[in-house]
Each structure stands twice: as structure tokens, then as C-alpha cells.
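Below, each chain spelled out in residue letters.
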Amino acid sequence: MTTTLHYPGIKSIQFMNSSILFVHLDNERTFLVPLDKFPILKTLSTTARNDFEIIDDKYLSFLSIDEVFSIEDLIGLQ
């Protein structure tokens with residue numbers, strides 16, 4: 001028997017100043033993510049932070065950088 005983990009999906013994100021990212025999940029939970037964990041996000045301008053896309057509810061991509069963040073990266077499930 002194989003057990004498959006089902007992670008919740010990313011519903012939306014919200015930046016709180018230049019140090020915190022809120023990741024809102026589709027299971028009604030919200031994770032507070034310190035941007036110190038992701039220095040590249042900390043350097044983005046407000047405009048660049050607002051230019052993102054959520055891919056397949058599992059990945060977060062900012063159009064001004066070449067890095068994609070998974071739900072596991074964001075909420076620390078690695």
C-alpha cells in the first residue's frame with residue numbers, strides 16, 4: 001500500500017512590509033513566512049512583488065526573477 005501526501009494549495013499571498021510574507025492556503029490556514037528565509041524576495045520592489053503567479057496551486061513564481069517556490073519551500077515541509 002502506498003501513502004500519498006496531499007499538501008494544501010496556495011490560495012493567495014500577501015506581503016507585510018519587506019520582512020513577512022503571508023501564504024494563504026486553500027484549507028483556510030495561513031502561514032507567516034519570514035523573508036529572511038528567501039533573501040531574493042526581500043530585494044524585490046513592491047511592483048515586482050505584486051507581479052506573481054500561482055501555478056497549479058502548488059508553486060509561486062515572480063515574473064522578475066527566475067526562481068519558482070513550491071508550497072513545501074514556503075511553509076517549510078522539506
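A short tour of the structure in this document, coming up. Residue indices begin from 1 for each chain and proceed along its sequence in written order. Per-residue local features are limited, in this predicted model, to residues with pLDDT of at least 70; the limit for side-chain atom pairs, both in listing and counting, is 80 or more; totals at the level of whole chains, interfaces and linings are taken over all residues. Hydrogen atoms and water are omitted, and side-chain values are computed over all heavy atoms in the structure.

Regarding the side chain of Ser70
Only DSSP runs of H or I reaching four residues or more are called helices, and only runs of E reaching two or more are called strands; each is numbered from the N terminus. Within the fold, Ser70 resides in strand E6 (residues 68-70). Among the residues examined, Ser70 registers a relative accessible area of 11% and is labelled buried. Side-chain polar atoms of Ser70 contact the side chain of Glu72, separated by 3.2 Å. Any two residues having at least one pair of non-hydrogen atoms within 4.5 Å are treated as being in contact. If we skip the residues at most four places from it in the chain, Ser70 touches Lys58 and Tyr59. We call a residue buried when its accessible area falls under 20% of the maximum for its residue type, exposed when it is over 50%, and partly exposed in between, using a 1.4 Å probe and counting protein chains only. Counted as a polar contact is a pair of N or O atoms within 3.5 Å, where, for protein atoms, one must be capable of donating a hydrogen and the other of accepting one, and residues adjacent in sequence contribute only when both atoms are in side chains.

Brief notes about the sheet that holds strand E3 (residues 30-34)
The strand order across the open sheet formed by three strands is E1-E2-E3, and the pairing between neighbours is antiparallel. Where the open sheet ends on each side, the last strands, each with one partner, are strand E1 (10-16) and E3. This sheet shows a mean twist of 20° between the axes of neighbouring strands, independent of strand direction. Criterion used throughout: strands pair if DSSP finds at least two bridges between them. Strand direction decides the pairing type here: E1 and strand E2 (residues 20-25), joined by six bridges, are antiparallel. Within E2, the position partnered with Ser12 by the bridge is His24. To define axes, lines are fitted to C-alpha atoms, for helices over the stretch in contact only, and angles between the resulting N-to-C directions are given on a 0 to 180 degree scale.

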